[in-house]
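Tertiary structure, described
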Amino acid sequence: MDSKTLDALEYKEVLAELSGFSSTSLGRGLILAEHPSIDLHAVEERFLDVTELSVYLDTNDRLPLGGINDIRPLLNRSMPVGSYLLSEDLREIGSTLTSLVLLKSLSSDQFNNKYPRTGEVLDSLADHCALSYELSRIFDSTGKIVDDASATLSRLRKEIRDIVVRAREVMARLLRDRGLKEILQEEYATIREDRHVLAIKAAKHNEFEGVVHGRSGSGETYFIEPMALVELNNRRSVLRRDEAIEEIAILRSITADVVESRADILAGLETAAALDALQARVLFAAEITGIIPVLKKTGAIKLKKARHPLLVIKERRGEGVVVPIDIAVEEQHRVVVISGANTGGKTVALKTLGLLTLMAMSAIPVSAEDGSEVVLFDSIMADIGDSQDIIASLSTFSAHIRRLSRFLKVAGPSSLVLVDEIGSGTDPSEGGALALSSLDTLAGLGATSVVTTHLNMLKAHAQTDPAYLNVSVEFDEKTLHPLYRLCYGVPGPSLGISIAESLGMPEELVKKARKYLGTEESAFIESVRLLEETREELRNRLDKVKGFERKRIDAVARLKEGRAELLKKVQGRIDAVVEEASREIKRTADKFKFMPTATPEGVSPIIKEVTGVGARIVESITKVPRFIPVAGDSVTIKDLRQKGIVLSTDEANEKAEVRVGALKISVDWLRLERTEGTRPGKGSKAADGGHKRKGGGSYKTGASQAGRIDADMKASRSINLLGMRVEEAEVLLTRFIDNAYAEGLESVEIIHGVGTGRLKAGVDRFLSVHPAVKRFAIGDRARGGGGVTMVELK
């Protein structure tokens, strides 16, 4: 990717923002030097590192990188034998080694088992504990060598301190001497040339015995070292020299240790920089709510709820609101033409696509939603913005053509070409012709091109060429405000005149402008407007259909819950009866277990008692008054809260067939309660023309059974649609699949036959959009082959 493309897509700006999350100058430098990679495996590996470190940081503090300095210039110096680094340099090295030791200390068996990739990196760090300890022992926090750096240095500094104390005592005594009051210029001692001196008046300096170490600027004062201090000061000077020699020896020794470990330290710095850049990615992802997309070398591009990362950061700072967009480029579409009104978001969409692709290729999480897919192109070329070059005497049009010519020379099957306002800057007809011929050529080379335009020639061509795809940025024509949404399959009107009118252009001028539009141009704009209205209407209808579908799914779920609750109540009642029966039997057994003989006379009371227990159990089950429906009763299905009419009853199974609206439902008697309505006598004619059966009920036969929904969820695993029209079949299929799904069946079969294939095609269409269907396929030969479809439910 050339620098102009990276600049056009604001890649470097994203790197700058990313580097702000690093903890070290080394990490910042590594991030700013980042470049997109086309190696799919390498990028996936880096994203695995990001994922693992993200998991770690979810529950732990950040990596201890704060004390690491860029000490590479110090380590890369030429260091001949006997040379040494200064104290402040060694202090920076010590701080860095302390952080490297802390980093390595994170590694443990437990850590490495949980975070193997990060653990492997930490294990690669050399052990600098001894050198780090030595540096921290020798230097204090300001970089000064401490007294205990060596025994010799400790002895020398102690002796120097003792001399200083003795010298101060001598000076204090002299200052208290009244005989010296008249010759002292100031009543305090000072230091000159590292020796204690007194300030003596110039006129009196011959009256004071000592060594002169200078005069004041005015000449009024002499600085004289008293003779009583000369020997002490001489001794201190000697000790100071010895101290300096010892300090240099210490610096040489520790410098030699650093030089010996130089290679390991430099390697540790590289590792620390890589970990810092990795941690910055995790923190940046949290800032922009970034995700790791699915990566691939070919195929469709799918960016769900994509947002330009720089706009997201601005939003976090309180500067505006970002509207996500869905970007989809299918593999069969070699050219995507984005059109629509100015300020509608065309250029932002173009930049977002290019920038998120570059970020993914750099192992930087992208600002989109999970499920997004990014193609790692071998080359990305972008021409966005005004490329006018006054120095090179290039107009905007010439500069764009030069860039486009270069793209045509280097583009190939794995190229992504992004052009903003292609063909602009010249006559629209000629610009459109040049744009189309260029895009056709790029498509022939196998490149994927995404362009923005206001040229109607491009929009019209994209509607007829299957290799092209029209995409429009949505715009509210009533308020003349952009909606920042992409609509696929239709071109977008430029609305230049309407926008000009909203910005205050005189009304008469606007009317005249509309008259100047050519007939063909006006017709095209009108067709685009009608397409937009049709699209809006279809979207509204689709929203309603989705709403109905959600309600239907909710209803099935409630039905399933009602069945579960009913089963729970029935099971509770059965458990209670069994428990009572057990207690009765136990009491009876306890009563007769001590009988001495098993004579008929002795057994007779037992039989009588057990019979009584059985009768009481039956009574306990049946003692609650029950509603027994007959055909014609007005009833309410209690758990569904639905009213209906009893059509027939099945006394053997204690079920009733109830009409609820247009549906016929088989329901247990226990689930029914009577509501106001006519109740014909037993044996009256069953409703709905059913066949009479014993007990006054009725039943339906034949094809009408296919339309029943079993409210008890005893769903059939098969449905026969032979001889039906597609419309009829869809009604029955809806009930059949809902019933099977609510029952919890894992699979069902649909018998539709082969015939003309229309019925099977309708079944396939129905199954492909049903939310309860996981997958489906034709049956094997034993089940009927192509005449049967096997359905697996979710």
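Residues numbered from 1 in each chain as written. Predicted model: local features only at pLDDT ≥ 70, side-chain atom pairs only at ≥ 80, totals over all residues. Heavy atoms only, no water.

Describing helix H16 (residues 428-444)
Taking 1.5 Å per residue, 17 residues should reach 24 Å; H16 reaches 24 Å between its end C-alpha atoms and fits that length. If you check which residues of H16 are buried, you get Gly431, Gly432, Ala435, Leu436, Ser438, Leu439, Leu442 and Ala443. Two to three positions downstream of the cap, the backbone nitrogen of serine 429 sits 3.0 Å from a side-chain oxygen, assigning the N-cap of H16 to aspartate 427. (Helix = DSSP H or I, 4+ residues; strand = E, 2+ residues; numbered from the N terminus. Expected span 1.5 Å × (residues − 1). Buried < 20%, exposed > 50% of the residue type's maximum accessible area, 1.4 Å probe, protein only. Polar contact = N/O pair within 3.5 Å; in protein donor to acceptor, adjacent residues only side chain to side chain.)

Overview of the side chain of threonine 24
Within the secondary structure layout, threonine 24 lies in the loop between helix H2 (11-19) and helix H3 (25-32). At 2.8 Å, the side chain of threonine 24 and the backbone nitrogen of glycine 27 are in polar contact. Excluding anything up to four places from it in sequence, threonine 24 contacts Leu65, Ile68 and Asp276. (Contact = heavy atoms within 4.5 Å.)

Describing the sheet that holds strand S23 (residues 718-720)
Two strands in a sheet stick together by hydrogen bonds in their backbones, pointing the same way (parallel) or opposite ways (antiparallel). If you trace the four strands from one edge of the open sheet to the other, you get S23-S24-S26-S25, paired in mixed fashion. Lying at the two open borders of the sheet, with one neighbouring strand each, are S23 and strand S25 (773-778). In this sheet, adjacent strand axes meet at a mean angle of 20° when their direction is disregarded. By the bridge criterion, three bridges tie S23 to strand S24 (residues 747-751) in an arrangement that is parallel. Residue isoleucine 719 lies in a different strand from S24, and its bridge partner there is isoleucine 750. Helix H22 (residues 726-743) rests against S23, S24 and strand S26 (788-793) of the sheet, and its axis sits at about 160° to S24. With respect to the sheet, helix H23 (residues 758-769) is in contact with S24, S25 and S26, its orientation differing from that of S25 by roughly 160°. (Pairing = 2+ DSSP bridges. Axes fitted to C-alpha atoms, helices over the stretch in contact; angles between N-to-C directions.)

Section: the environment of phenylalanine 397
By the element assignment, phenylalanine 397 lies in helix H15 (residues 396-410). Separated by 26 residues in the primary sequence, phenylalanine 397 and glycine 423 place their C-alpha atoms 8.0 Å from one another. Beyond its immediate stretch of four places on either side in the chain, phenylalanine 397 contacts Ser424, Gly425, Thr426 and Leu434.

A word on the sheet that holds strand S1 (residues 184-192)
Strand order across the open sheet formed by four strands is S1-S2-S4-S3, with antiparallel pairing between neighbours. Either end of the sheet is taken by a strand with one partner, and the two such strands are S1 and strand S3 (210-215). Sheet twist, expressed as the mean angle between neighbouring strand axes with direction ignored, is 35°. Alignment of S1 against strand S2 (residues 195-201), held across five bridges, turns out to be antiparallel.

What about the pattern of salt bridges?
Under the defined criterion, the tally for this structure stands at 31 salt bridges. Of the charged contacts, one joins arginine 403 and aspartate 2 as a salt bridge, the two residues approaching to 3.1 Å between their closest N and O atoms. With arginine 403 in helix H15 and aspartate 2 in the segment before helix H1 (3-8), this pair connects stretches of sequence that are 401 residues apart. Across the salt bridge formed by lysine 351 and glutamate 10, the nearest N and O atoms sit 3.7 Å from each other. You can see lysine 351 sitting in helix H14 (residues 346-361) and its partner glutamate 10 sitting in the loop between H1 and H2, a full 341 residues away along the chain. Since its relative accessible area comes to 21%, glutamate 10 is described here as partly exposed. Each of Asp147, Arg157, Arg161, Arg240, Glu243 and Glu247 takes part in salt bridges that share partners, so that together they form one network. (Salt bridge = Lys/Arg side-chain N within 4 Å of Asp/Glu carboxyl O.)

Observations regarding the environment of leucine 135
Along the polypeptide, leucine 135 turns up in helix H9 (residues 129-138). We classify leucine 135 as buried; its relative accessible area is 3%. In this structure, the C-alpha to C-alpha distance between leucine 135 and serine 87, residues 48 residues apart in sequence, is 10.0 Å. Every residue in contact with leucine 135, bar those within four places of it in the chain, is listed here: Leu90, Ile93, Gly94, Leu97 and Ile254.

Quick look at the packing of aromatic side chains
Within this structure, the stated rule accounts for four aromatic pairs. A centroid spacing of 5.9 Å and a plane angle of 70° characterise the contact between phenylalanine 21 and phenylalanine 284, whose relative ring orientation is edge-to-face. Here phenylalanine 284 lies in helix H12 (residues 262-288) and phenylalanine 21 lies in the loop between H2 and H3, a separation of 263 residues in the sequence. We classify phenylalanine 21 as partly exposed; its relative accessible area is 22%. Taking relative accessible area as the criterion, phenylalanine 284 reaches 0% and is therefore assigned buried. Between tyrosine 56 and tyrosine 115, the aromatic rings sit 5.3 Å apart at their centres with planes inclined by 90°, giving edge-to-face as the arrangement. On the criterion of sequence distance, the pair formed by tyrosine 56 in helix H4 (residues 40-59) and tyrosine 115 in the loop between helix H7 (109-114) and helix H8 (116-123) is long-range, its members being 59 residues apart. Across this residue pair, the class does not change: tyrosine 56 and tyrosine 115 are buried. Ring-pair connections join several aromatic residues into one group, and the members of that group are Tyr56, Phe111 and Tyr115. (Phe/Tyr/Trp six-rings, centres within 6.5 Å; stacked < 30°, edge-to-face > 60°.)

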